[in-house]
Amino acid sequence: MIKYSKYEMARIIGARALQIAMGAPFLVKMSKEELEKINYDPVKIAKKEFESSVLPITIKRPLPIKINEEEK
C-alpha cells in the first residue's frame, strides 16, 4: 500500500465523498444496518472505501529536479 500524506488522504476521501453524494455507486459492500449506523454519511463511506484500498484514484507527485554539475 502506498503511504499518503494527510493532505493527500483528505483530498482523496473528499473527492470520493463528493462522488458518493452525487449518486455514485459504492465500491464496497455494506449492509443496510452498517449504512444506517453511519447515517449514510458519504465521508464515512469514502473512508471505508479508502481503508479497503478499492478507490481508483491516484496521486501524481512531482519528482525533484536534478541539476547536472556541468550546468552550474
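Look a little higher up for the structure.
Predicted model only: the values in this text are computed from it and were never measured. (Residues numbered from 1 in each chain as written. Predicted model: local features only at pLDDT ≥ 70, side-chain atom pairs only at ≥ 80, totals over all residues. Heavy atoms only, no water.)

(A) Layout of the overall build of the protein chain. Secondary structure assignment for the protein chain yields three helices and zero strands. Written out in order from the N terminus, the α and β elements of the protein chain read α-α-α. In terms of overall size, the protein chain is more extended than a compact globule, its C-alpha atoms giving a radius of gyration of 18 Å where 72 residues would be expected to give roughly 11 Å. Along the three orthogonal principal directions, the C-alpha set of the protein chain runs to about 65 × 25 × 20 Å. Burial status across the protein chain gives 21% buried among its 72 residues. Long-range contacts, defined here as pairs at least 24 residues apart, represent 58% of the contacts in the protein chain between residues at least 6 apart. Accessible area for the protein chain stands at about 6300 Å²; split by element, carbon and sulfur atoms hold 57% of it. Between the centroid of the 14 positive side chains of the protein chain and the centroid of its 10 negative side chains there is a distance of 3 Å. (Helix = DSSP H or I, 4+ residues; strand = E, 2+ residues; numbered from the N terminus. Rg over C-alpha atoms; globule rule 2.2 N^0.38 Å. Buried < 20%, exposed > 50% of the residue type's maximum accessible area, 1.4 Å probe, protein only. Contact = heavy atoms within 4.5 Å. Areas by Shrake-Rupley, 256 points an atom, 1.4 Å probe, with all protein chains shown as cover. Lys, Arg positive; Asp, Glu negative; His and termini not counted. Charge placed at Lys NZ, Arg CZ, Asp CG, Glu CD.)

(B) Representation of the packing of aromatic side chains in the model. Applying the stated rule across the entire model yields one aromatic pair. Judged by centre distance (5.8 Å) and plane angle (50 degrees), the rings of Tyr4 and Phe50 are tilted. Here Tyr4, found in the segment before α1 (6-21), pairs with Phe50, found in helix α3 (residues 42-51); they are 46 residues apart in sequence, far enough to count as distant. We classify Phe50 as buried; its relative accessible area is 11%. (Phe/Tyr/Trp six-rings, centres within 6.5 Å; stacked < 30°, edge-to-face > 60°.)

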